Each structure stands twice: as structure tokens, then as C-alpha cells.
Amino acid sequence: VRAAGTGMTSRTPLPGVKNTIAVASGKGGVGKSTVAVNLAVALAQDGAAVGLLDADVYGPSIPTMMGNRGRPYLQNDKIMPLESYGVRIMSVGFILDPERALIWRGPLVSQLITQFLNDVDWGELDYLVIDLPPGTGDVQLTLVQRIPLSGAIIVTTPQDVALADAVKGLQMFREVKTPVLGIVENMSYFICPHCGGRSEIFGFGGGQRTAERYDVPLLGQIPIDPAVREGGDAGAPIVVSAPESPTAEAFREAARRA
Ligand code: ADP
């Protein structure tokens, strides 16, 4: 099958995987992994069979955020994913020392991603959520060449510099004919726990404006919430640690809209 726009010839669907959703961002630190983790767990809480692939090979944070320090093992020549909160997970962080930076060149990184796609026994999945590295590099290219992504979710903050890079990501997915499912605006606002006042720390309305300009849905606006950071560091995503909170509801809403 010729994948239009990529010049590539072999986009093979992953057997047993119904939907493959990439979570992307233009910049690091905007909360892409946080969104990927909470979306994946929210989908699993809804009863779906969900896998989460940490393709952020240069800065894998899924093991920490999912509270999993296990080691994958081989069974029938396949790599068995680990499991947290009902989500099957795979990360380079399970295999390499997390303290050591990955200094591999592009071709090796492409090989690793290909192996994660082909050699991991994902089983039957409704959704495979893929946490991409920030930007538009080798991992993104390998992915869009190897598998037909069902769609991409772009995570950004409302800040202009983050939005500018988010748009680059959005356009990359369009060029390779991958549907953009929508934008999640993270760190949209902060509700002061003392006075209840709302502050728009990184600006206001950027996600909405960008979504309108590029004709994609705005899937959600997630507040800055210390519980999100605490949950991530403690290995319990907020949809698990504080499921009743408005912030957890904002993540679930984004998952439903995507
Ligand atoms: P990225 O994957 O884009 O590099 P991360 O998901 O690793 O970003 O998030 C960066 C840091 O910001 C993490 O410590 C995370 O816990 C924190 N963070 C992300 N989203 C929020 C939020 N909505 N409120 C508070 N902290 C957040």
C-alpha cells in the first residue's frame, strides 16, 4: 500500500490493534506525556483495552508516571508489555538505565520504534496510545511510515511560542495524511486554592484560536493543578489519584471527545 505523501511503501496495520493514536507536541514540557497517560488510563477506566507506547525515547517518562519499574520479559519470541492501571505499557525506560541519556542516532532509534511496534505482544487492543517525543523528528517519521495512525492529538499550552511549534506538528501530520483528532490545551489556567480566583498564566484562548484556524476540534482545556504534577511524580495519574476532581474530569472529557 502506498502511503500518500510519505513516499513510503509499507504502512502495515498492527495486528489486533483497532486504533493507533499518537500524542504529539511541538515543544517539550507542555504536558504531552501527562496527557497521554491520563487519556490512556481514562480510556481503560471506560472499559477499553488500551496499550501505551512510550516513543519518547530520549526522555521516557511513562514508567515514572505509571508507577511501573518492572522489566519486560520475552515469551514466544515476543516482548511482553507491563501493566499499570489496566493499561499495557512499553517504554525504553524499562530497558535502559533511566539516568542515562539515549545518544543513539536516527537509524537506531527507528529500529527501536519498529521493534516496539512489531515485537511487542500488545494482544487485542481497542487503542494504542503513543507518546511521541516533542517536535518532528526520526520517531515521528518512522511511525507514520510504518503504521497507519488513526489520528494524532496535539498538546500545547496557550503560549504563542508553544502554539507556533504545535502548528508545525499539526501540519506535519496533515502532510502525511494522518488525521489530526484535535488539540488539547494544557496548563490553560490556574484556580487559586486560597481565593478561588482564576489566572491565565500562559495566556488565554490560544488553543481555541489555533483549533479554529486549522479547523480541528479543541478536545479540552486542562488547568494547571499541583495534583497533576504530584500524581505524575508519584506514579498515579490524576484520573486514578483524584478521579472526582474537575481536572480529572477535564482529562476524561478530552478522551471522550478524541
Ligand atoms: P512533556 O511530555 O510535554 O515533556 P510532561 O507531561 O512530562 O511534559 O510534563 C512536564 C511537567 O509538567 C511534569 O512534571 C508534569 O507533572 C507537569 N504537568 C503537566 N501538566 C500539568 C498540569 N496540567 N498541571 C500541573 N503540572 C503539570
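Definitions and limits used
- Residues numbered from 1 in each chain as written.
- Predicted model: local features only at pLDDT ≥ 70, side-chain atom pairs only at ≥ 80, totals over all residues.
- UniProt positions renumbered as here; feature names shortened; annotations may be inferred.
- Core = buried A, V, L, I, M, F, W, Y, C linked by C-beta atoms within 7 Å.
- Buried ≥ 20, exposed ≤ 12 C-beta atoms within 10 Å, placed from the backbone.
- Helix = DSSP H or I, 4+ residues; strand = E, 2+ residues; numbered from the N terminus.
- Contact = placed C-beta atoms within 7 Å.
- Near = placed C-beta within 6 Å.
- Nonpolar A, V, L, I, M, F, W, Y, C, P; charged D, E, K, R; others polar.

- Going by the annotation in an unreviewed UniProt entry, the name recorded for the protein is Iron-sulfur cluster carrier protein, with Thermalbibacter longus given as the source organism.
- Comment text from UniProt for the protein, heading Subunit (unreviewed entry), reads "Homodimer."
- As stated in UniProt under Function (unreviewed entry), the record for the protein gives "Binds and transfers iron-sulfur (Fe-S) clusters to target apoproteins. Can hydrolyze ATP."

## Structural notes on the nonpolar core
Among soluble globular proteins, nonpolar side chains are generally buried collectively.
Step number 1: Counting 73 residues, the largest nonpolar core has Val23, Leu39, Ala40, Val129 and Ile153 as the members making the most contacts within it.
Step number 2: Top element by residues in this core is helix α1 (residues 32-45). It accounts for nine residues.
Step number 3: If we skip the residues at most four places from it in the chain, leucine 39 touches Val129, Phe251, Ala254, Ala255 and Ala258.

## Quick look at the site of the ligand
Step number 1: In the region of the ligand, 17 residues are neighbours, and Gly31, Lys32, Ser33, Thr34 and Gly232 sit closest.
Step number 2: Secondary structure elements with two or more residues in the shell around the ligand: α1, β9 (180-191), β11 (218-224) and α7 (226-234).
Step number 3: Of the residues contributing to the shell around the ligand, the split by class is five nonpolar, nine polar and three charged.

## Side note on the UniProt feature "binding site: ATP" (unreviewed entry) in the protein
Step number 1: Per the UniProt record, "binding site: ATP" (unreviewed entry) is found at Gly26, Lys27, Gly28, Gly29, Val30, Gly31, Lys32 and Ser33.
Step number 2: Note that glycine 28 resides in the loop between β1 (17-25) and α1.
Step number 3: Accessibility expressed as a C-beta count within 10 Å gives 15 for glycine 28, which makes it partly exposed.
Step number 4: With 26 C-beta atoms packed within 10 Å, lysine 32 lands in the buried category.
Step number 5: In contact with lysine 32, other than residues within four places in its own chain, are Val23, Ala24, Ser25, Asp131, Pro134 and Val155.

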